[in-house]
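Read off the chains here:
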Amino acid sequence: MTVMNIGSIRETSNPMADIPSVLITGASSGIGATYAERFARRGHDLVLVARDITRLEALAARLRAETGVAVDILPADLTQPGDIAAVETRLRADRRIGVLVNNAGASLAGRFEKQPADGLDRLVALNATSVVRLASAVAPRFVEAGAGAIVNIASVVGLIPEFGQTVYGATKAFVLFLSQGLSFELAPKGVYVQAVLPAATRTEIWERAGADVNALPAMMEVGELVDAALVGFDRREPVTIPVLGEAGKWEAYQAARQTMLPDFSQIHAAERYRAAS
Ligand SMILES: NC(=O)C1=CN([C@@H]2O[C@H](COP(=O)(O)OP(=O)(O)OC[C@H]3O[C@@H](n4cnc5c(N)ncnc54)[C@H](OP(=O)(O)O)[C@@H]3O)[C@@H](O)[C@H]2O)C=CC1
Ligand SMILES: N[C@@H](C=O)C(=O)O
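Residues numbered from 1 in each chain as written. Chains lettered and ligands numbered in written order. Predicted model: local features only at pLDDT ≥ 70, side-chain atom pairs only at ≥ 80, totals over all residues. Heavy atoms only, no water.

Asker: Help me understand the overall build of the protein in this model?
Answerer: Helix and strand counts for the protein come out as 8 helices and 9 strands. Expected size for 277 residues packed as a compact globule is a radius of gyration near 19 Å; at 20 Å, the protein falls within 12% of this value. Residue burial in the protein is summarised as follows: out of 277 residues, 46% are buried. (Helix = DSSP H or I, 4+ residues; strand = E, 2+ residues; numbered from the N terminus. Rg over C-alpha atoms; globule rule 2.2 N^0.38 Å. Buried < 20%, exposed > 50% of the residue type's maximum accessible area, 1.4 Å probe, protein only.)

Below is the structure:
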């Protein structure tokens, strides 16, 4: 089996050599738990982060038994400063960790004017602040090593203000922008950054937000989502949108955005904004 090391792709005949550990947030269910299973089957030791200790312990025991990899659990509520600090410390100190999967996240039911400010604050803390804090914790060590990978789970909703999940979508737009910016800054230094944009995927996020997933339109199964995201990961794709059939549509979107850049260096208001004299 050829093992590709993250960042600098080195091939080795020894299947157990140079396989970095993977720290996955939101690993107790859904996409995170599936990433844990897939990376364990690839031979990566794991550090699993979430709040539910019982579920983390059960998953860890199963993966140890089924794959033989080492699995640590690190219970943490990523909206709580003391807890996220412990995860940051692990990321800084544990030099075996070569992949960070920033997956933990939630959505919030209701329309903006009905959503409580405290709920919105927690949503931003989990979906956005925790992502940037954990990336910040690990980036210096990855840059120093000239290798490493940061996988940030965004969402297609971050591209759809019309979807009506405004703050959730805003957090996902933040994750996408953060990932693209980090890729611009860190890829030249050997660090791979991937934004993954799932569409609707069958996980507990729906029930946790008060929806009946069985009453919703059909959606992707979580194993198919993660397997597609890992195809993008293995290709070192900076932005992976598993449901997008034509890569050219994303490339055209990026190109259209970049056509505006020369205008952003203008020092006078555009003609269309000049008050009629
Ligand atoms: N399912 C979908 O349709 C889509 C999901 N996504 C994104 O995928 C990611 C994973 O969600 P998904 O698997 O669907 O949903 P799940 O609800 O199944 O998983 C969410 C995970 O995040 C953890 N989590 C929730 N709150 C906290 C917290 N405060 N601190 C630490 N961990 C927390 C949960 O564990 P615990 O409760 O044990 O803490 C759980 O492991 C999210 O970022 C989501 O926005 C993106 C697009 C589509
Ligand atoms: N989690 C879903 C919406 O709530 C999504 O990101 O599609």
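Asker: Even after reading the chapter, I still don't get the pattern of salt bridges, so can you show me in this structure?
Answerer: Pairing is possible between side chains of opposite charge, provided their charged atoms come close. Inspection of every chain in the model, using the stated rule, returns 17 salt bridges. When the shortest N-O distance is used, the salt bridge between Arg41 and Glu66 registers 2.8 Å. Of this pair, Arg41 sits in helix H1 (residues 30-41) while Glu66 sits in helix H2 (residues 53-67); the two residues are 25 residues apart in sequence, bridging distant segments of the chain. By relative accessible area, which is 46% here, Arg41 ends up partly exposed. (Salt bridge = Lys/Arg side-chain N within 4 Å of Asp/Glu carboxyl O.)

Asker: Just to check I follow, could you spell out the site of ligand 1 for this structure?
Answerer: Around ligand 1, 31 residues are found, and the nearest of them are Arg51, Asn103, Tyr168, Thr203 and Arg208. Measuring from an oxygen atom of ligand 1, one finds a side-chain N or O atom of Ser28 at 2.8 Å. Between ligand 1 and Lys172 there is a distance of 2.8 Å, counted from an oxygen atom to a side-chain nitrogen or oxygen. Here ligand 1 is seated within the largest pocket. Looking at the shell around ligand 1, the elements with two or more residues in it are H1, helix H5 (166-186) and helix H6 (205-208). Ranked by the residues each element gives to the shell around ligand 1, the list is headed by H6, at 3 residues. For the shell around ligand 1, the per-class residue count stands at 15 nonpolar, 10 polar and 6 charged. (Near = heavy atom within 4 Å. Polar contact = N/O pair within 3.5 Å; in protein donor to acceptor, adjacent residues only side chain to side chain. 1 Å grid on protein atoms, 1.4 Å probe; cavity = no way out; pocket = protein on both sides within 12 Å on 5 of 7 lines; lining within 4 Å. Sits in = over half its atoms within 2 Å of the grid points. Nonpolar A, V, L, I, M, F, W, Y, C, P; charged D, E, K, R; others polar.)

Asker: Please explain the layout of surface pockets as it appears in this structure.
Answerer: Empty space among the atoms becomes visible once a probe the size of a water molecule is rolled across them. The calculated volume of the largest pocket comes to roughly 1,100 Å³. Taken together, 49 residues line the largest pocket, and the ones lying closest to its centre are Gly105, Ala106, Ser107, Ile205 and Arg208. Only H1, strand S2 (46-50), helix H4 (117-145), H5 and H6 provide two or more residues apiece to the lining of the largest pocket. The greatest single-element share of the lining of the largest pocket, amounting to 4 residues, is contributed by H4. Residues belonging to the lining of the largest pocket are distributed by class as follows: 26 nonpolar, 15 polar and 8 charged. (Points joined across faces, edges and corners; volume = space filled by probe spheres on them.)

Asker: What is the right way to look at the site of ligand 2 in this model?
Answerer: In the neighbourhood of ligand 2, the contacting residues comprise Ser107, Ser155, Val157, Gln165, Tyr168, Ile205 and Trp206. The separation between an oxygen atom of ligand 2 and a polar side-chain atom of Gln165 is 3.2 Å. Note that an oxygen atom of ligand 2 is positioned 2.6 Å from one of the side-chain N or O atoms of Tyr168. Protein chains shield 92% of the accessible area of ligand 2, which is 230 Å² for the free molecule. Given that more than half its atoms are within 2 Å of the pocket grid, ligand 2 belongs to the largest pocket. Grouping the constituent residues of the shell around ligand 2 by class yields 4 nonpolar, 3 polar and no charged. (Areas by Shrake-Rupley, 256 points an atom, 1.4 Å probe, with all protein chains shown as cover.)

Asker: For this particular structure, what's the right way to read the sheet that holds strand S9 (residues 239-240)?
Answerer: What links the strands of a sheet is backbone hydrogen bonding, and the strands pair in either a parallel or an antiparallel sense. In space, the 7 strands of this open sheet follow the order S3-S2-S1-S4-S5-S6-S9, with parallel pairing throughout. With one partner strand each, in any of the chains shown, strand S3 (71-75) and S9 form the two edges of the open sheet. Two strands pair when backbone bridges link them, and strand S4 (residues 97-102) and strand S5 (residues 149-153) are joined in this way by 4 bridges, in the parallel orientation. Bridge pairing links Asn102 to Asn152 in S5. In the packing of H5 onto the sheet, the strands contacted are S5, strand S6 (192-196) and S9, and the crossing angle to S6 comes to about 160°. (Pairing = 2+ DSSP bridges. Contact = heavy atoms within 4.5 Å. Axes fitted to C-alpha atoms, helices over the stretch in contact; angles between N-to-C directions.)

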